[in-house]
Amino acid sequence: MKGFTAALFLWTLIFPSCSGGSGGRAWPTHTVCSDSGLEVLYQSCDPLQDFGFSIEKCSKQLKSNINIRFGIILREDIKELFLDLALMSQGSSVLNFSYPICEVALPKFSFCGRRKGEQIYYAGPVNNPEFTIPQGEYQVLLELYTEKRSTVACANATIMCS
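- As annotated in an unreviewed UniProt entry, the protein chain carries the name MD-2-related lipid-recognition domain-containing protein and comes from Papio anubis.

## Thoughts on the sheet that holds strand S3 (residues 52–55)
- Reading across from one edge, S3-S5-S9 is the order of the three strands in this open sheet, with antiparallel pairing throughout. Whereas interior strands pair on both sides, the edge strands pair on one side only; in this sheet they are S3 and strand S9 (119–127). For this sheet, the mean angle separating the axes of adjacent strands, direction not counted, is 10°.
- Looking at chain direction, S3 and strand S5 (residues 65–73) are connected through four bridges and run antiparallel. For Phe-53, the partnering residue across the bridge sits in S5 and is Phe-70.

## Considering the pattern of salt bridges
- One pass over the full model with this rule turns up four salt bridges.
- A network of salt bridges, in which partner residues are shared, links Asp-84, Glu-143 and Arg-149.

## Section: the sheet that holds strand S7 (residues 92–103)
- As summarised here, the arrangement of the seven strands in space is S1-S2-S12-S11-S6-S7-S8, forming an open sheet in which the pairing is antiparallel. Two strands bound the open sheet, and with one partner strand each, they are strand S1 (30–35) and strand S8 (106–107).
- Direction of pairing for strand S6 (residues 81–89) relative to strand S11 (residues 136–146): antiparallel, over a ladder of eight bridges. Considered in S11, the bridge of Leu-87 is made with Val-140.

Basis of the calculations
- Residues numbered from 1 in each chain as written.
- Predicted model: local features only at pLDDT ≥ 70, side-chain atom pairs only at ≥ 80, totals over all residues.
- Heavy atoms only, no water.
- Pairing = 2+ DSSP bridges.
- Helix = DSSP H or I, 4+ residues; strand = E, 2+ residues; numbered from the N terminus.
- Axes fitted to C-alpha atoms, helices over the stretch in contact; angles between N-to-C directions.
- Salt bridge = Lys/Arg side-chain N within 4 Å of Asp/Glu carboxyl O.

What follows is the structure, given as structure tokens:
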């Protein structure tokens, strides 16, 4: 039975079009957080896999330390890992940001150095600038990628603040 379960799991990872991961169908939209006037949604833009992400204590007033949860199974080794973020509002670019998450000489998280097939699960604080989210709707493109520019995770997010 364990062999069958493992084979089914591998089939799902290798052939996502047969399991609903692509083939013209999009991944489901996930709610990161929703609280009085603020809603954050995301959808994986990686055709091969989805991932999990959430923020603890959803608030229009973003604190300097927020607690997040993130989980994914790696398709690539992580020697170096980078995050690109593009923020848009009403079709105009508001912010473009790049940040090294894992560097060979300076690993910032315990999952730096993980290998293909291993799972990343991070639950903990992330440092960011403290600010109040202005009223409006924003689109965010987030991409995690390796030093070879291979995608680890990709998300299209929508932030709605009223």
